[in-house]
Structure formats: structure tokens, C-alpha cells
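# Notes for the structure review
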Amino acid sequence: MLGGSALFAMALGMGVPLLVVGASAGALLPKAGPWMETVKRFFGVVLLGVAIYLVSPLLPAVVYMLALAALLIIFAIYLHALDPLPHGAPGYRKLFKAVGVISLLAGVALLIGVFSGSRDVLQPLAGLRGAAAPAAQPPLFQRVSNLSQLEAAIRTAAGKPVLLDFYADWCVTCKEMEAFTFTDAGVRKRLDEMLKLQVDVTENLDEHKALLKRFGLFGPPGIVFFDRPGNEIKGLRVIGFQPADQFAATLDLVMSH
């Protein structure tokens, strides 16, 4: 009943507006004109951005940031971000120029970030804060590649709970967890009290498939927890992205076992 009701409501939401517009014999539709060319170009830029985003898991961070920078700068040029506005320009021209200037600044920021060594799209200028570069942090996770390595690592946990993270370079959610969840101070403090293991299934080798099958996972992202005796804690798996506060609460539950 719930599924059928949801589909029916979605069908009404998609179908009724189309019926209303169709019954109006075109009275509710805007007239064709030069504005349609602007719409076409805008959605062309959006589709290019979507294409870059879709292939981003397969691209090095440098290439991804350069592609985004190029797209934003070219978009800004087409919006006449560098051209002076004529006297008495209408409001929409000012709006387009403002969007173009913002796009240009974002593209230039990405370029500067790339050449200054940043690999974070959301913080491209983080390396230009004037502070000395922080010392390299040790790896957060200990890598395991097969079931025997996993079992050996769990045996050496010395009474600590164990976190097992399934990761892949092409997994967007895995990178989100790295960027927004694992970097949180509260999460880090809790993780320090655990043995942190990670399986990199990027190459999808037979031993990786065996590990995924062992835990009933189709692929990353997935985090499995073990208690101090080394038994999996049922019902506390993390599948998909969790924000830092929610993940910290999950870790508290793990520590209580």
C-alpha cells in the first residue's frame, strides 16, 4: 500500500501539470524566441558539468579540478564577465554578468588551488593560508587484502574494537566519508581507541570478491564493526554516507560492546 500510494502520488505530480499545460492549447507556454538559445547554452554547460562529475571517480584530482576550472572560466566568458555593461543595461544583463563574474572567480580559484598543490575541490585555496605546511599525517587505516590478513589483524587488536572499511578509488561516497566524516575531531578521537582496517577493492580481485561475499556486501561503501573478542557486531554496519555526528554516535555504540 505504501509503495503503490507513493507511485500514484508521483504519477499525479508528473502527469497533472502536463495535462493542464496540454489542455491550455499553448496559452500557458512561453513564446519561442532568442531566449531559447540562452536556455540551450545553459543546459549545455550543465550537461558538461554532469559529464565531468560522472567521470570524476576515474580521473586524478588534478585533472578533475582543471576540467572544472576550464568549464567555469569558459562559461564566464560566454556570460560576458569581462565585458563592460552598456549604459542603461537591463536587469537581466546585470544578473548574467554577476553570475559570470562568480563563475570566473570560482574557476580562477580552482586553477590557483591546483597549481598551489591543493587537491580539494571544496577548499581549493586551503594551501594559501600562510601557515607552514603541516607534517604528513600517518595513514588512518591499516590495509588488508584478503580474509587471512583480516583474521590475523583482528587477532592482534589487543582487546580493541575493530573497524573494517571497504573502499575503492571510484567510490564517491568513500571519498565523501574521508573528506567530511573521518576528518572530524570527535570522530578521530573515537577512532584512536579502535583498530582501523581497510580493504581497497578498486581492482576487484578475486580475494576482494571473497571478502565482500564473506560479509554479504555488493561493494563499497561499507563499514563493518567487531567487538573486543573479535566477533562482528550485528546491526551496526554503516552502508553509504554518514555525517560526522551520526557516525560518532555509531562509534559510541561500538565502544559500548
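Our structure is the block above this text.
Residues numbered from 1 in each chain as written. Predicted model: local features only at pLDDT ≥ 70, side-chain atom pairs only at ≥ 80, totals over all residues. Heavy atoms only, no water.

Here we take up the side chain of Thr 181. Relative to the elements of secondary structure, Thr 181 occurs in helix α6 (residues 172-181). Looking at Thr 181, the relative accessible area reads 0%, which means it is buried. Of the polar contacts made by the side chain of Thr 181, one reaches the backbone oxygen of Gln 242; its length is 2.6 Å. Leave out the neighbours within four places in its chain, and Thr 181 touches Glu 176, Val 187, Phe 241, Gln 242, Pro 243, Ala 244 and Phe 247. (Helix = DSSP H or I, 4+ residues; strand = E, 2+ residues; numbered from the N terminus. Buried < 20%, exposed > 50% of the residue type's maximum accessible area, 1.4 Å probe, protein only. Polar contact = N/O pair within 3.5 Å; in protein donor to acceptor, adjacent residues only side chain to side chain. Contact = heavy atoms within 4.5 Å.)

Okay, the state of the cysteines next. Counting across every chain of the model gives one disulfide. Each sulfur in the disulfide pair Cys 171 and Cys 174 lies 2.4 Å from the other. Where Cys 171 bonds to Cys 174 through sulfur, the torsion about that S-S bond is close to 80°, and the disulfide is right-handed. With respect to burial, Cys 171 and Cys 174 carry one shared label: buried. (Disulfide = S-S within 2.5 Å.)

Next up on the list: the packing of aromatic side chains. One pass over the full model with this rule turns up six aromatic pairs. Summarising the aromatic geometry, the rings of Phe 182 and Phe 247 are spaced 5.8 Å apart at their centres and angled 65° between planes, so their arrangement reads as edge-to-face. Here Phe 182 is found in the loop between α6 and α7 (185-191), whereas its partner Phe 247 is found in helix α9 (residues 244-255), with 65 residues between them in sequence. Pair check on accessibility: Phe 182 and Phe 247 agree, each one buried. Here Phe 225 and Phe 247 contribute two aromatic rings whose centre-to-centre distance is 6.4 Å and whose plane-to-plane angle is 40°, an arrangement assigned as tilted. (Phe/Tyr/Trp six-rings, centres within 6.5 Å; stacked < 30°, edge-to-face > 60°.)

A separate point is the pattern of salt bridges. One pass over the structure, following the stated rule, counts five salt bridges. Between Lys 234 and Glu 232 there is a salt bridge; the shortest N-O distance is 3.5 Å. The partner of Arg 237 in a salt bridge is Glu 232, with the nearest N and O atoms 2.7 Å apart. For Arg 237, a relative accessible area of 31% translates into the label partly exposed. (Salt bridge = Lys/Arg side-chain N within 4 Å of Asp/Glu carboxyl O.)

Here we come to the pairing of strand β4 (residues 222-226). β4 sits mainly inside the fold: five of its five residues count as buried. Where strand β2 (residues 162-167) and β4 come together, five bridges link them in antiparallel fashion. Following the sheet pairing, Asp 165 is matched in β4 by Ile 223. (Pairing = 2+ DSSP bridges.)

Remark: helix α2 (residues 35-55) packs on helix α3 (residues 61-78), axes separated minimally by 10 Å, with the N-to-C direction vectors making an angle of 175°. The angle between α2 and α3 places the two elements in the roughly antiparallel class. Where α2 abuts α3, its residues Phe 42, Val 45, Leu 48, Gly 49, Ile 52 and Tyr 53 lie against Tyr 64, Ala 67, Leu 68, Leu 71 and Phe 75. Broken down by class, the residue content of the contact of α2 with α3 amounts to ten nonpolar, one polar and no charged. (Axes fitted to C-alpha atoms, helices over the stretch in contact; angles between N-to-C directions. Parallel < 35°, antiparallel > 145°, perpendicular 65-115°, else oblique. Nonpolar A, V, L, I, M, F, W, Y, C, P; charged D, E, K, R; others polar.)

The complete set of buried residues in helix α8 (residues 206-214) reads His 208, Leu 211 and Leu 212. One face of α8 carries all of its buried residues, which in axial projection span an arc of 100°. What points out from α8, more than 90 degrees from its buried face, is the exposed set Asp 206 and Lys 213. Buried residues belonging to α8 abut α5 (147-155), β2 and β3 (195-200). Immediately downstream of α8, the backbone of Gly 216 shows phi near 70°, a positive value. (Arc of directions from axis to C-beta.)

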